[in-house]
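One letter stands for each residue in the lines below.
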Amino acid sequence: MSDSLPLRLVLASASPARRKSLQAAGIEPDVLVSGVDESLVVTDRAEDLCLELARLKAEAVLARLSPAATAAEPARTNAGTSTDAGTSTAGTSQRTLIIGCDSVLEFDSEILGKPADPADATRRWLRMRGRSGVLHSGHCLIDGVSGRRAEAVASTTVHFADISDDEIAAYVATGEPLAVAGAFTIDGLGGPFVERIEGDPGTVVGLSMPLLRRLLAELGLQITDLWTTVAPGGQSVEPIGNVRS
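Keep in mind that what you see is a predicted model, and the values were worked out from it rather than measured.

Cut-offs applied
Residues numbered from 1 in each chain as written. Predicted model: local features only at pLDDT ≥ 70, side-chain atom pairs only at ≥ 80, totals over all residues. Heavy atoms only, no water. Core = buried A, V, L, I, M, F, W, Y, C linked by side-chain atoms within 4.5 Å. Buried < 20%, exposed > 50% of the residue type's maximum accessible area, 1.4 Å probe, protein only. Helix = DSSP H or I, 4+ residues; strand = E, 2+ residues; numbered from the N terminus. Contact = heavy atoms within 4.5 Å. Phe/Tyr/Trp six-rings, centres within 6.5 Å; stacked < 30°, edge-to-face > 60°. pLDDT = per-residue confidence, 0-100. Polar contact = N/O pair within 3.5 Å; in protein donor to acceptor, adjacent residues only side chain to side chain. Disulfide = S-S within 2.5 Å. Axes fitted to C-alpha atoms, helices over the stretch in contact; angles between N-to-C directions. Left-handed = near helix turned anticlockwise from the far one by under 90°. Nonpolar A, V, L, I, M, F, W, Y, C, P; charged D, E, K, R; others polar. Salt bridge = Lys/Arg side-chain N within 4 Å of Asp/Glu carboxyl O.

Notes on the nonpolar core
Ranked by size, the top nonpolar core spans 21 residues in total, and within it Leu9, Leu22, Leu97, Leu141, Leu212 and Leu216 carry the most contacts. Listed by contribution, the elements that provide at least two residues to this core are β1 (7-11), β3 (95-107), β6 (149-160) and α7 (209-218). In terms of residue count, the dominant contributor to this core is α7 (5 residues). Not counting residues up to four positions away in its chain, the partners in contact with leucine 97 are Leu7, Arg8, Leu9, Val10, Leu141, Ile142, Asp143, Leu216, Leu221 and Leu226. Counting 19 residues, the second largest nonpolar core, distinct from the first, contains Ala121, Ile163, Val172 and Val204.

Observations concerning the packing of aromatic side chains
Overall, the coordinates contain 5 aromatic pairs when judged by the stated rule. Aromatic side chains tryptophan 125 and phenylalanine 193 sit 6.2 Å apart centroid to centroid with 75° between the ring planes, which places their arrangement in the edge-to-face category. Placement of tryptophan 125 in helix α4 (residues 118-128) and of phenylalanine 193 in the loop between α5 (165-173) and β7 (194-198) is noted, with a sequence separation of 68 residues between them. Accessibility assignment for this pair places tryptophan 125 and phenylalanine 193 in one class, buried. Seen from their ring centres, tyrosine 171 and phenylalanine 193 are 5.4 Å apart, and the 65° between their planes marks the pair as edge-to-face.

Section: the confidence of the model for the chain
Scored by pLDDT, the chain comes out at a mean of 86, with 80% of its residues at no less than 70. Low confidence marks residues 72-92, where pLDDT is under 50. Its contacts with residues over four positions away, or in another chain, come to 29 contacts. Considering only residues more than four positions removed or in separate chains, one finds that residues 241-245, a stretch of pLDDT under 50, has 16 contacts.

A few points about the side chain of serine 13
Examined against the element boundaries, serine 13 turns out to sit in the loop between β1 and α1 (16-24). Here the side chain of serine 13 touches arginine 18 through a polar contact of 3.1 Å, side chain to side chain. With near-sequence residues (within four places) excluded, serine 13 lies in contact with Arg18, Val31, Leu32 and Val33.

Considerations on the state of the cysteines
According to the stated counting rule, one finds 0 disulfides in the structure shown. Unpaired in terms of disulfides, cysteine 101 finds its nearest cysteine sulfur in cysteine 140, a separation of 9.1 Å.

A look at unusual backbone geometry
If a residue is not glycine, its phi is most likely negative; likewise, a peptide bond is most likely trans. Of note, the phi angle at serine 109 is positive, near 65°, even though the residue is not glycine. On the secondary structure map, serine 109 appears in the loop between β3 and β4 (110-112).

Structural notes on the environment of leucine 219
Residue position: leucine 219 is located in the loop between α7 and β8 (228-230). Residue class for leucine 219 comes out buried when judged on its relative accessible area of 5%. Spatially, the C-alpha atoms of leucine 219 and isoleucine 142 are 8.9 Å apart, while their sequence positions differ by 77 residues. With sequence-adjacent residues up to four places away left out, leucine 219 is seen in contact with Arg95, Leu141, Asp143, Arg148, Arg149 and Ala150.

A word on the packing of α4 against α5
Relative orientation of the contacting elements α4 and α5 amounts to 145°, with a least axis distance of 10 Å. As α4 packs across α5, the resulting crossing turns out to be right-handed. Of the residues in α5, those touching α4 at Pro118, Ala121, Thr122, Trp125 and Leu126 are Asp165, Ile168, Tyr171 and Val172. Tallied by class, the residues present in the contact of α4 with α5 amount to 7 nonpolar, 1 polar and 1 charged.

Some points on the pattern of salt bridges
A full pass over the atoms with the stated rule returns 17 salt bridges. For the salt bridge of glutamate 52 with arginine 55, the shortest nitrogen-to-oxygen distance reads 2.3 Å. On the criterion of helical spacing, the pair formed by glutamate 52 and arginine 55 is a turn pair, its members being 3 residues apart in helix α2 (residues 46-64). Relative accessible area serves as the criterion here: at 25%, glutamate 52 is assigned to the partly exposed category. Each of the salt bridges in this network shares a partner with another, and the network as a whole consists of Asp108, Glu110, Arg127 and Arg131.

Written as structure tokens, this is what we have:
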């Protein structure tokens, strides 16, 4: 029966960039922050670290959702707010999927997450400018009804521009580098400081849409099943993808 339910995607991340990536691809996710302590995972392999953190985030959110919540969508009001997660009424039942993601930069065989402070971000950019690193993003997709999961890591090589000391100081002063893995973004103020990438740009933003499509396929789903349309003014979200039995 669960296979015939409309789909709901829960993003286990507070990242605005990941949410925007989904929205740009026609998917309107619910957001539930995992609260996972990332310092608890220690490993020498960047791919293992980001995948384990993605897994922990998805599992933490799954644990916070009651069985009723994973099988039923909260009733939405016209303002886009929700009632309690356990509420279920006719026509609102949904099959919930949880996607957890985590990103790290591998540079000079070192794993770099978010900088500790502005001084740390500055030191990193002084090392990275004019050179390249590999951005790894782990993805873990869990079906909240069946418990089945699909997971993988996407990796993209990033070539940094040879920027000046003044540009580094100005960029760090914005605060943006402190909030992102590797101390840079390509979809914000840091975009001009990246000369080129080799791979999927979504990996660098933190969520690879081609990889998400493949993970959905492993669970017997299509990414078009998650497409939604938002009414003018954002009053409501209605599924427009195929719902297959």
